[in-house]
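Tertiary structure, described
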Amino acid sequence: MTPPADQLSPGAEIIRVVLADDHPVVRAGLAALLTSLPGIEVVGVAKTGREAIREVITTRPHVAVLDLQMPDLDGFAATRELVRSAPEVAVLVLTMFEDDDSVFAAMRAGARGYLVKGAEQEEIARAIRAVAAGEAIFGPGIARRVLGFFSAPPPTADPFPELTTREREILDLLAAGLSNPAIATRLDLAPKTVANNVSAIFTKLGIADRSTAIIHARNAGLGTDHS
């Protein structure tokens, strides 16, 4: 639990914050909330991305709390600019967007934290203190998706990048044991088209016969999804 202002450790540094949000009511409410938190001081407010950058450059806060959707310069662009021009200032995103594209775009831009509006007062205070201390922090739902993203197995590289999409599709069916006429029927192609593609596959892979092609394809995991 955060100690009251009069119980803060002697000499503890006050965390200076710039707040940027384009909605006046939200902006005023957040400013009042942050001002009420012990150890945090709001030194500037802004309603656009460019205003946020000017406030940060002028006041040099510890943390910039940014919305993502703002006029003239959105939160992503503002974050990138702040990372470039004021790298010592930690950016905490506080927004209504919680889709993966927004979360990872903000991270790539340089944000150290990401919260969704509606977060509890203590969660916001904890996030501000965390990013000011150099940590990365995310709201509970966001954190689960971030962890899921990084714990997911890496995408498997294409084992035959030299093949076209059609050639790879035909090789997959070859590996499943289908004959050329059966492949032609499955893909609604002329038998000669299939034969030409098979010849191209052999040439590109440097193999001489169908059996070798099937072995190569099955070793790469092809031919397994056809019952």
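Every chain is numbered on its own, with residues counted from 1 as its sequence reads. Local features are withheld for residues below a pLDDT of 70 in this predicted model, meaning they are given only at 70 or higher, and side-chain atom pairs are given and counted only at 80 or more; totals for whole chains, interfaces and linings count all residues. The basis for every side-chain value is the complete set of non-hydrogen atoms in the structure, without hydrogens or water.

**Here we look at the overall build of the chain**
Rules: Elements are defined by DSSP. Helices are runs of H or I of four residues or more, strands are runs of E of two residues or more, and each kind is numbered from the N terminus. For the exposure calls, accessible area comes from a 1.4 Å probe over protein chains only, and a residue counts as buried if that area is under 20% of its type's maximum, exposed if over 50%, partly exposed in between. Between two residues, a contact is recorded if the distance between any of their heavy atoms is within 4.5 Å. Using a 1.4 Å probe, accessible areas were evaluated by the Shrake-Rupley method; residue-level cover was limited to the displayed protein chains.
Looking only at helices and strands, one finds 10 helices and 6 strands in the chain. Per-residue burial for the chain yields a buried fraction of 41% across its 227 residues. Looking at the chain alone, contacts between residues at least 24 apart form 64% of all its contacts between residues at least 6 apart. Of the roughly 12,300 Å² of accessible surface on the chain, 56% is carried by carbon and sulfur atoms.

**Some points on the sheet that holds strand E4 (residues 90–95)**
Inclusion rule: Between any two strands, pairing holds if DSSP finds at least two bridges. Axis definition: a line fitted to C-alpha atoms, over the contacting stretch in the case of helices. Angles run 0 to 180 degrees between N-to-C directions.
Spatial strand order, E2-E1-E3-E4-E5-E6: 6 strands in an open sheet with parallel pairing. The open sheet has two edge strands, strand E2 (40–46) and strand E6 (137–138), and neither has a second partner. As paired strands, strand E1 (residues 15–20) and E2 are joined by 6 bridges and run parallel to one another. Across the sheet, the residue bridging to Arg16 is Glu41, located in E2. Where helix H2 (residues 49–59) meets the sheet, it contacts E1, E2 and strand E3 (63–66), and its direction lies at approximately 135 degrees from that of E2. Those strands touched by helix H5 (residues 121–132) are E1, E2, E3, E4, strand E5 (113–116) and E6, and its axis lies near 155 degrees from that of E4.

**Here we look at the nonpolar core**
Here is the rule: Among buried residues, those of type Ala, Val, Leu, Ile, Met, Phe, Trp, Tyr and Cys that are joined through side-chain atoms within 4.5 Å constitute a nonpolar core.
Counting 26 residues, the largest nonpolar core has Val56, Leu66, Leu82 and Tyr114 as its most contacted members. Contributing elements (two or more residues each) for this core: E1, H2, E3, helix H3 (75–85), E4, helix H4 (100–109) and helix H6 (140–151). Examining the composition of this core, we find that 4 residues originate from one element, H3, more than from any other. Look past the residues within four positions of Val56 in its chain and what remains in contact with it is Val18, Pro61, Ala64, Leu82, Ala86 and Val89. Counting residues in hydrophobic clusters, the runner-up holds 23 residues, among them Ile15, Ile40, Leu94 and Ile124.

**As for helix H7 (residues 165–175)**
Where H7 is concerned, the buried positions are Glu167, Ile170, Leu171, Asp172, Leu173, Leu174 and Ala175. Where H7 is buried, its residues contact helix H8 (180–187), helix H9 (191–205) and helix H10 (210–219). Directly after H7, the chain includes Gly177, whose backbone phi takes a positive value near 95 degrees.

**What to know about the environment of Val194**
Tracing the sequence through the fold places Val194 in helix H9. The exposure class assigned to Val194 is buried, which follows from its relative accessible area of 0%. In this structure the C-alpha to C-alpha distance between Val194 and Asn180, which are 14 residues apart in sequence, comes to 6.3 Å. In this view, Val194 contacts Ile170, Asn180, Ile183, Ala184 and Leu189; residues no more than four positions away in its chain are not counted.

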